[in-house]
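# Coordinate inspection notes
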Amino acid sequence: MIRKAVLPVAGLGTRCLPASKAIPKEMITIVDKPVIQYVVEEAVAAGIKEIVLVTHSSKGAIENHFDKHFELETTLEAKGKHELLEELRNIIPDDVKIISVRQPEPLGLGHAVLCARPIIGDDEPFTVLLPDVLVDGQGLERNDLAGMIEAYEKNGQAQIMVENVPRDMTHKYGIVDLDGETPEAGKAAPMASVVEKPAVEEAPSTLAVIGRYLLPGAIFPLLAETRPGAGGEIQLTDAIDTLIAREGVQAYRMQGATYDCGHQLGYLEAILAFAKRHPKFGAGFQDLMQRYAAEE
Ligand code: G1P
């Protein structure tokens, strides 16, 4: 059973400035919820019970969002606002725990994941969800993270979620080499290697790592030995490349849609996708869209 997820949220979000100056970028709203809540809901939907936030002193709002707000709840109760109260109380189910650790220095994604080692331990497989990436499982029987867990349970190998990106974007991602194979959506294939942010002409494929990982505890000793790589940072990708040689790793091709919320247009697209099917605001939003389209 995969029970734990690590969410690295310590990054300062310079790409989202000025929105992220005084609030964490993970707290920017998509329709009526902060982006981090969608990511936590995705993990919970896949059966995760323990969420480890790897965070920074300036990002307390994230922990507050998942904590009980006693004064607010008491006020809503006194005012008879029961529906809102229920919504607040159900931000995370009672059996899901949020734990946080700090990443004291911005040394890279690999280092951020390593900060969770004392909580996860070296013997248990766990997931990693990058909160910049929203993965939309709308219309799927089970979301992609659950699909990765299923694939792991079948073959016992680490799973890295991938999707095709335009070739001229490969330098922004971890890019996998699958010996020319491209698995069908929802299926996994063995990885030959993975490289972080290769030059476009050196990218081994156009299949990019999309911010969801299922890793064995054995990744921690590898991370502890990983030297700084691309951008001078300790890269998770480099430790995964070593893991391939040690015990094999698979690339899981995603089925759902993805929005890059580390980027303003990605946020806007996510807002469009989630707003138009929102149970409360969807119909009104679609009217707005038609009105604005007609004005063009
Ligand atoms: C990180 C990972 C990269 C991955 C990307 C997905 O890069 O290092 O391998 O493809 O997330 O969003 P970042 O976007 O943090 O530079």
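Here we summarise the structure given alongside this text. (Residues numbered from 1 in each chain as written. Predicted model: local features only at pLDDT ≥ 70, side-chain atom pairs only at ≥ 80, totals over all residues. Heavy atoms only, no water.)

## A few points about unusual backbone geometry
Between L17 and the following residue, P18, the backbone shows a cis peptide bond with an omega angle of 5 degrees. One can find P18 in the loop between strand 1 (4–8) and strand 2 (29–30). With a phi angle near 65 degrees, V31 is a residue other than glycine that sits in the positive phi range. Examined against the element boundaries, V31 turns out to sit in the loop between strand 2 and strand 3 (33–34). Residue V31 is classed as partly exposed on the basis of its relative accessible area of 27%. (Helix = DSSP H or I, 4+ residues; strand = E, 2+ residues; numbered from the N terminus. Buried < 20%, exposed > 50% of the residue type's maximum accessible area, 1.4 Å probe, protein only.)

## Regarding the pattern of salt bridges
Between side chains of opposite charge, pairing is possible as soon as their charged atoms come close. Per the counting criterion, the structure on display carries 18 salt bridges. With a shortest N-O distance of 3.1 Å, E124 and K4 are connected by a salt bridge. Here E124, found in the loop between helix 6 (117–120) and strand 6 (126–129), pairs with K4, found in strand 1; they are 120 residues apart in sequence, far enough to count as distant. Each of R15, K25, E26, K59 and D132 takes part in one network of salt bridges that share partners. (Salt bridge = Lys/Arg side-chain N within 4 Å of Asp/Glu carboxyl O.)

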